[in-house]
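Here is how the chains run, residue by residue.
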Amino acid sequence: MKHLLERVTLGCDAPFPAEEFNHRIEQLRKELEKRSFDIYLTTGPENIFYLSGQQTPGYYTLQCLCVPTSGDPFLIIRGLEAFNARANCYLEDIVGYMDTEAGGDAVGRVLQERGWKDKRIAIDKNAWYLTANIYKGLEQSLGPLADGAGLVEGLRVVKSALEIESMELAHIATEAGMRAGVKSSLENANENDIAAETMYAMIKHGSEYLGMDPFVVSGYRSGLPHSTWRRRQVEAGDVVIIENAAAYNRYHTALFRTIGIEPVPDLVKSLYAICLEAFESGLAAMRPGNTCADVHNAVQTVIDANDCSERYRKKSGYSLGISFAPDWGEGNILGLNHDIDVELRPGMVFHMPITLREFAVFTVAISETIVITDQGSRVLGDLPRDLYIQ
């Protein structure tokens with residue numbers, strides 16, 4: 001296996017220089033030392049990518065990145081995925097297991113062989129695909145496992161200059177997709193056609209495969225949260241909503257816009273005006289020193305003052321960054337909600353979608369991807385925030 005892997009140049013497809021990943025590993029090691037852990041294990045594709053650069057849609061088979069407090073990190077992965085891993089990252093130590101062996105068994109075996117049994121092992125208990133059976137099997141192989149959930153997520157909250165650059169490039173594609181979707185949202189258009197134009201433009205402008213496909217929906221179905229395209233033909237008087245995200249180096253940015261098809265009902269226009277006011281209030285609160293709760297509360301104050309509380313019923317946003325399916329956001333890391341008293345810091349990035357719903361009738365919405373800066377905040381892109389009327 002090793003001689004075959006050497007056909008691939010180490011790190012030839014890595015998204016960033018080795019120094020970026022080395023810095024991340026060192027920051028994690030500081031956290032491990034604080035807690036007296038000997039080694040950290042994660043099976044989550046986002047955390048594996050953050051620490052190593054490894055990315056694949058094949059994370060439905062178990063992959064496990066192992067980071068000792070001292071010594072080189074190593075990756076245990078399905079043998080077929082090992083070639084991709086060598087191209088994506090700078091890890092010399094990649095262990096591929098055969099399809100005749102279950103992934104969890106392979107992880108337990110390799111760690112046993114390398115002397116990690118009964119050491120202080122921290123495992124990312126919140127990671128995707130760490131099933132109850134895999135966890136139980138690892139404890140049987142290795143002894144008790146400590147909870148390492150959140151160790152890497154805490155490092156991911158504030159983005160580096162290279163990460164923000166990737167998000168700026170992602171947003172070029174996100175905005176191109178939205179422009180194409182809005183342009184094609186016309187009476188008698190088919191929802192699938194609108195979705196196709198949105199997707200085509202994003203891919204044409206550099207997007208990779210997505211953490212989640214766009215939400216493109218019209219008419220009464222726009223009033224059904226998280227509905228998306230289903231061949232419906234757009235009719236006069238409909239509202240069309242598009243929420244899309246593109247990816248660059250696995251970093252996602254997102255947008256939400258609303259299109260009214262003439263004749264646009266007065267209630268649509270009035271609710272959109274409230275939506276926009278609430279968004280602007282939240283945006284004004286997005287500055288260092290304020291908290292995530294402060295942003296949400298600024299939005300909620302406008303919503304409540306306009307008797308729209310029942311039309312809102314949600315948090316006001318979530319952090320953005322590295323994502324794999326089934327999501328494009330980092331809501332598991334940080335959100336904008338009334339009970340999240342985390343202070344905003346320069347380098348944090350959020351998607352703030354403000355939506356008002358006449359449930360099962362229509363939805364109006366506006367959002368931006370926003371970077372926290374030293375002076376306040378910066379909205380990526382310059383797409384108009386008007387209610388688009390076609």
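The rules we used
Residues numbered from 1 in each chain as written. Predicted model: local features only at pLDDT ≥ 70, side-chain atom pairs only at ≥ 80, totals over all residues. Heavy atoms only, no water. Phe/Tyr/Trp six-rings, centres within 6.5 Å; stacked < 30°, edge-to-face > 60°. Helix = DSSP H or I, 4+ residues; strand = E, 2+ residues; numbered from the N terminus. Buried < 20%, exposed > 50% of the residue type's maximum accessible area, 1.4 Å probe, protein only. Core = buried A, V, L, I, M, F, W, Y, C linked by side-chain atoms within 4.5 Å. Patch = residues over 30% accessible without salt bridge, like charges linked within 9 Å, V, L, I, M, F, W, Y side chains within 5 Å. Areas by Shrake-Rupley, 256 points an atom, 1.4 Å probe, with all protein chains shown as cover. Salt bridge = Lys/Arg side-chain N within 4 Å of Asp/Glu carboxyl O. Pairing = 2+ DSSP bridges. Contact = heavy atoms within 4.5 Å. Axes fitted to C-alpha atoms, helices over the stretch in contact; angles between N-to-C directions. Disulfide = S-S within 2.5 Å.

Caption draft 1: Representation of the packing of aromatic side chains within the structure. For the structure shown, the criterion picks out eight aromatic pairs. Look at Tyr 59 and Phe 324: their rings are 5.6 Å apart centre to centre, the planes differ by 85°, and that puts the pair in the edge-to-face class. Of this pair, Tyr 59 sits in the loop between α3 (45-52) and β2 (64-68) while Phe 324 is found in the loop between β10 (317-319) and β11 (335-336), placing the two residues 265 residues apart along the sequence. Its relative accessible area of 7% is what places Tyr 59 among the buried residues.

Caption draft 2: Structural view of the nonpolar core. Membership of the largest hydrophobic core comes to 41 residues, with the highest contact counts inside it found for Leu 28, Tyr 40 and Leu 51. Counting residues in hydrophobic clusters, the runner-up holds 40 residues, among them Leu 271, Tyr 272, Ala 285 and Ile 370.

Caption draft 3: Structural context of a nonpolar patch on the surface. Where nonpolar side chains cluster on the molecular surface, the patch consists of Tyr 60, Trp 128 and Tyr 129 and spans about 370 Å² of accessible area. Along the chain, the position of Trp 128 falls in the loop between β5 (121-123) and α6 (132-142). Relative accessible area serves as the criterion here: at 40%, Trp 128 is assigned to the partly exposed category.

Caption draft 4: Examining the sheet that holds β10 more closely. Strand order in this open sheet of five strands is β11-β10-β12-β15-β16, and the pairing throughout is antiparallel. The sheet is open, and its two borders are formed by β11 and β16 (377-379), each paired with just one other strand.

Caption draft 5: How the structure looks around the environment of Met 212. With respect to the helices and strands, Met 212 occurs in the loop between α9 (191-204) and β7 (215-218). As for Met 212 and Leu 380, which are separated by 168 residues in sequence, their C-alpha atoms are 20 Å apart. Excluding its chain neighbours within four sequence positions, the residues that come into contact with Met 212 are Pro 326, Asp 327 and Trp 328.

Caption draft 6: Here's a closer look at the sheet that holds β7. Ordered in space as β7-β8-β9-β17, the four strands form an open sheet in which the pairing is mixed. Looking at strand neighbours, the two that pair on one side only are β7 and β17 (388-389), the edges of this open sheet. Where strand β8 (residues 239-248) lies against strand β9 (residues 251-260), ten bridges are found, and the strand directions are antiparallel. What sits directly across from Ile 242, in β9, is Arg 257. Contacts between α9 and the sheet are confined to β7 and β8, with β8 contributing the most and set at about 25° to the helix.

Caption draft 7: Representation of the pattern of salt bridges. Applying the stated criterion across every chain, the model contains 23 salt bridges. Arg 378 serves as the salt-bridge partner of Glu 168, at 2.9 Å between the closest nitrogen and oxygen. With a gap of 210 residues between them, Glu 168 in helix α8 (residues 161-183) and Arg 378 in strand β16 connect regions that are remote in the sequence. The partly exposed category is assigned to Arg 378, whose relative accessible area is 33%. Taken together, the shared-partner salt bridges connect Arg 257, Glu 280, Glu 368 and Arg 385 into one network.

Caption draft 8: Representation of unusual backbone geometry in the model. The peptide bond linking Glu 262 to Pro 263 adopts the cis configuration, its omega dihedral lying at -5°. Of note, Pro 263 is situated in the loop between β9 and α10 (266-284). Residues Ala 325 and Pro 326 are joined by a peptide bond in cis, for which omega reads 20°. With respect to the helices, strands and loops of the structure, Pro 326 is situated in the loop between β10 and β11. In this structure, His 226 takes a positive phi of about 65° despite not being glycine. Its location among the elements puts His 226 in the loop between β7 and β8. For His 226, a relative accessible area of 61% puts it in the exposed group. The phi dihedral of Arg 231 is positive, around 70°, even though this residue is not glycine. Since its relative accessible area comes to 57%, Arg 231 is described here as exposed.

Caption draft 9: Quick look at helix α5 (residues 103-113). Those residues of α5 that fall on the buried side of the exposure criterion are Gly 103, Gly 104, Ala 106, Val 107, Gly 108, Val 110 and Leu 111. If you follow the buried residues of α5, they end up packed against β1 (39-42), β2, β3 (74-78), β4 (94-97) and α6. Directly beyond the C-terminal end of α5, a positive phi value near 85° is found at Gly 115.

Caption draft 10: Representation of the pairing of β7 in the model. Of the two faces of β7, the one lined by Phe 215 and Val 217 and the one lined by Val 216 and Ser 218 are each fully buried. Note: β7 against β8, four bridges, orientation antiparallel. What sits directly across from Phe 215, in β8, is Glu 243.

Caption draft 11: Main features of the state of the cysteines. Inspection of the entire model under this criterion finds zero disulfides. There is no disulfide at Cys 64, and the cysteine sulfur nearest it, in Cys 66, is 4.0 Å away. Note on Cys 64: relative accessible area 2%, which makes it buried.

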